[in-house]
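Notes for the structure review
Here's the letter readout for the chains.
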Amino acid sequence: MREPILITGMGIVSAIGLNVAETLASLKAERSGIGPLRHLKTTHHEFPVGEVQLTTDEMAERLNIPVGQPRTRTALMGMMALDQALNQAQLTTDDIARAALISGTTVGGMDMSEQFYTDFLTNDSHNDYISQHDCGACTESIADHAGSFDSVATLSTACSSAANAIINGVNDLRCGRHEIAVVGGSECITKFHLNGFNSLMILDHETCRPFDETRAGLNLGEGAAFLILETASSAHRRGVKPLAVIEGYGNACDAFHQTASSPEGEGAFLAMKEALTDAGLTPADIDYVNAHGTGTPNNDSSESHAMIRLFGDAMPPVSSTKSFTGHTTSASGSIEAVICLLALQEQFLPVNLGWQNQMPDGITPVIDQTPLHPLRHVLCNSFGFGGNDSSLVLGLADSTPSLTVREGAECVESAENTLSTESAPFIKGRAGGESSVYLTAATQISIQEGLSEAWIETPIIYDEPYVRSLDINFKQWISPAESRRMGKLLKRALASSLSAMQKSGMEHPDAVITGTGLGCIENTEILLTHLCEEGEENCKPTPFMQSTHNTISSLVSINTHSHAYNATYAHKEASFDCALEDAWRQMLLGRIRSALIGGQDEMTPMYFGLLCKTGYLGNPGQVAGEAAVSVMLCTEPTPEALCKMTYFKRCYRPTAETLGTVAAEVGQVDAVMTSVSGTGAVTESHLREAARLFPSTPLLQFKSIFGESYSAYGLGIYATAHVLHRQHLPEAMLIPSYGRPSSLRRILVLNQISGKDYTFAILEI
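Since the model is a prediction, treat every value here as computed from it, not as a measurement. (Residues numbered from 1 in each chain as written. Predicted model: local features only at pLDDT ≥ 70, side-chain atom pairs only at ≥ 80, totals over all residues. Heavy atoms only, no water.)

1. Overview of helix α16 (residues 521–533)
In this model, α16 (13 residues) spans 18 Å end to end at C-alpha, consistent with the 18 Å of a helix rising 1.5 Å per residue. Residues I521, N523, T524, E525, L527, L528, H530 and L531 constitute the buried set of α16. Residues of α16 that are buried make contact with α5 (110–122), α8 (191–199), α17 (541–547) and α20 (605–614). Just downstream of α16 lies G535, where phi reads positive at about 90°. (Helix = DSSP H or I, 4+ residues; strand = E, 2+ residues; numbered from the N terminus. Expected span 1.5 Å × (residues − 1). Buried < 20%, exposed > 50% of the residue type's maximum accessible area, 1.4 Å probe, protein only. Contact = heavy atoms within 4.5 Å.)

2. Some points on the packing of helix α15 (residues 488–504) against helix α18 (residues 551–560)
Any two packed helices are characterised by how steeply their axes cross, that is the angle between the axes, and by the distance between the axes. For the pair α15 and α18, the least separation of the axes is 10 Å and the interaxial angle reads 50°. The angle between α15 and α18 falls in the class oblique. The hand of the α15/α18 crossing is right-handed. Judged by residue contacts, L489, L490, A493, L494, S497, L498 and M501 of α15 engage T551, I552, L555, V556, N559 and T560 from α18. Each residue belonging to the contact of α15 with α18 can be placed in one class, and the counts come to 9 nonpolar, 4 polar and no charged. (Axes fitted to C-alpha atoms, helices over the stretch in contact; angles between N-to-C directions. Parallel < 35°, antiparallel > 145°, perpendicular 65-115°, else oblique. Left-handed = near helix turned anticlockwise from the far one by under 90°. Nonpolar A, V, L, I, M, F, W, Y, C, P; charged D, E, K, R; others polar.)

3. Here's the deal with the environment of C138
Following the sequence through the fold, C138 ends up in helix α6 (residues 135–146). The exposure class of C138 is buried, given its relative accessible area of 1%. Separated by 62 residues in sequence, C138 and L76 have C-alpha atoms that sit 8.8 Å apart. Those residues in contact with C138 that sit more than four places away from it in its chain are T72, T74, A75, G108, G109 and Q132.

4. What about helix α19 (residues 575–589)?
Taking 1.5 Å per residue as the helical rise, α19 with its 15 residues ought to reach 21 Å, and the 22 Å between its terminal C-alpha atoms agrees with that figure. Here α19 lies mainly inside the structure; 15 of its 15 residues are buried. Directly beyond the C-terminal end of α19, a positive phi value near 85° is found at G590.

5. Considering the nonpolar core
L227 and L229 are the most contacted members of the largest nonpolar core, which has 99 residues in total. Each of two domains, domain 1 (5–402) and domain 2 (434–764), supplies a minimum of three residues to this core. Apart from the residues within four sequence positions on either side, L227 is in contact with I7, G9, M10, I166, A181, V182, V183, A337, V338 and L341. A99, L220, I228 and I521 belong to the second-largest nonpolar core, a separate cluster that totals 74 residues. (Core = buried A, V, L, I, M, F, W, Y, C linked by side-chain atoms within 4.5 Å. Domains from an automatic or database assignment.)

Quick look at the structure:
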C-alpha cells in the first residue's frame, strides 16, 4: 500500500482572476476572460485572447521587484501564483529548503527576447535579458523569489508541460526524495507563439467554442498556477488540511504527428486509461472530466473519440474551460487542475461556454453547473504538440489524511503498449540496499567523430572557441524525404537515438526522455529574425513547429511508433541531468524498466555570440560545442552493458553541510569526472571545491574533449561509461596537479553549474 499524495495549497493567475477567489467567482458567474488584446504589442488585434489583466510593471510592483531589475512576464505570473500556494499551505522557509520545485514552460523569457532581439545582436543595452531567455531561467527566477528550494527542474512539453510537472512531483514524493513538491507552470502570450499558432491556421477570430460543430480554432491565453503536493505523513505532522488527493496519472505519446492528434486519439486514450489504473479506479468512478478541449477541429474530434473509447455509453460530465481562460499552453495543466480542485470543493460543474451545436460523433459537453450526483473523482487532460498526452485524477480528501491508498485496479479495454503501473518497486532504493540501473548503450554526435568511440584513442583537441558538430552521413538512419524537413539538431538527435536503441537491442523503451537547454535554436532564430525584419505577416509554420523543445522526444517516438512515457526537460545546463533524474525515479518506483535518455543542443554562430556576452562562453581555454548524446538505461544487465549507475542526486543551492552529506553518501571513488570548462578563476574554484569534497581523489575533465554546451553533462555520462567499459583514459581527460587514477572501476560524474546547481552520479563496473 502506498502513501497518498495530498494537495495542501494552490495559487492561480489567469484571465478570469488574479487569485483563487476571483477565479471561482468567474467560473460560478460563467464569465469569460477572453477579449481584445491589451498588453501584447502586435499587429494581430483580430484575435481575441485571454490576457492577465495587469501590465508587466504592475505585476513587478505587486511583487516588490525593483524597477530596472530584469524580469519576464512568465516569471512574474509564476511568482504571483506561487506566493498564493505557499501561503495557503503554510510553508516556512525551512519547509521550502527541504522541498522540490518543478515547473513547466515553453515560452520562457521570449516576451523580452522578441522585444530586444535586435539589441542583443547590435548593442549591449539589454544584455541582462539574454540569460533570461531560456525556460530554466524563468523557473529559477520563480524559485529564488520564494526562497531556497532543495531541487529545481523545468518541464517543456508544450501544452502538457505543467501537467507533466505535477506528474514528476508525484513521482518525486512517491520515491521518497522529498516530502513536499511545489508543481505547476507559467506561460505568457508572446508575438512568437501568437504568430506561430497563426501560421498553423488554428486561431479563431471569435471566442472559442470547444466541442461545438462550428468550432474554428483556439484563443491563446496566459497565466500561471502552482500546487503544493505533500505526503500524507508530512501534512499530518504539519497539521495542515488537505484540499484534495492526486490519485493517479498517465502519460503517453500519440506517436502520430508533430502538431496534429491521431483520429482515434490513441495517446489520449492511453494516458487516461493509465491514470485510472494508477488511481485504482474504473471509468464509472469518474464524476467529471476537464477536457483538453482547445476548440480546434482536430483536437476536439480526436479527444472525443478517445473519451468514447474509454467511457462508452456511460460518459461522465465533460467540459473544456479554455473558453474561460483561453489556451494557456504550458500552464494549462496546472491552471485546469486548480479549476478541478474548485469543482471538487464547491461541488459544481464548470460549464463549456459557447457550446450550442452538437458535433457529429462527438461528446455533448456540460452547460449546466449542477452535478447530478456528488463529485468525488475528476479527470484532467492536457495534450501537447508531438502527441505528448498527460492525464491526472484528482479526488476528494478527508479532513484527516489516511496513510494508505488502494492499489491500482484494472481498467476497461486493454491496449498494446500500455505502460507498467506496478506500485511496488522491483529494485531497492538506497535505504534498503544497493540501487542499480545499467547503461546498455551510449552514443554521440558532437565535435568528436559521430557515432564512434575513436576519441578514446585519438581525441581531436581544439584550440578555437567555437566548433560545430562533425555530422555523419544520415542516410543510414533517415530517409532523404524526412531529412529535408528536419533541422540539423533533429537529424543528430534521431540518428543518435536510433543508434543507441539498435546497440542495446531495445526497439521500444518504456520511456523517451530528452534534456535540451535551448531546443532547436536555429529554428527559433529563423522565426525571430522574420518577426524583427519582415514583420508578423507570412510567418512559416515549420520553424515554429520545430522550435518547441519537445519536438525532439516526439520525433523519436513518432519514428519508432512508441506510445511510451515521453517527456522533455529544458533547465539550462542541467537539462540532461533532469531527464536522467526522471528515469532514475521511475525505475526506483518500478514504473519503467528501460529508458532512452537524450541530451540534445545545438550552438548557432549567433547564439554563441550572445552567450559570450553573458560570460557563459568565450572564456580562456574554453571550447563551445554541440551535443546529440543518447543513453539507454535498463533495470536488467545485458551482455552489451557498458556499466551501471548506482547513485544519483541533484541539489539546488546546497549548503556546505548538504554537500558534505552527499560526499559521505558517495563514499570512496576512483576518480571524479568534473564539468570544468576552460581555464581561469572559475575553473580553479570548481576544482578546489571538488578536491575539498573528495580529498586525495584524482579529478578528471571531459569538456577538454567534447566542449561546453547545455547538454554537456550527457556527454560526461557517455564518456565516463565508455572509459569504464574500455578501461582506458585519454590523456586529455587528466587535469595536471590533480592526480591520475590507479583504477577505473567507480567514477563520480559531477556537474556543478554556476555554484548553485549540482548533480552527482556514480558509474561503476
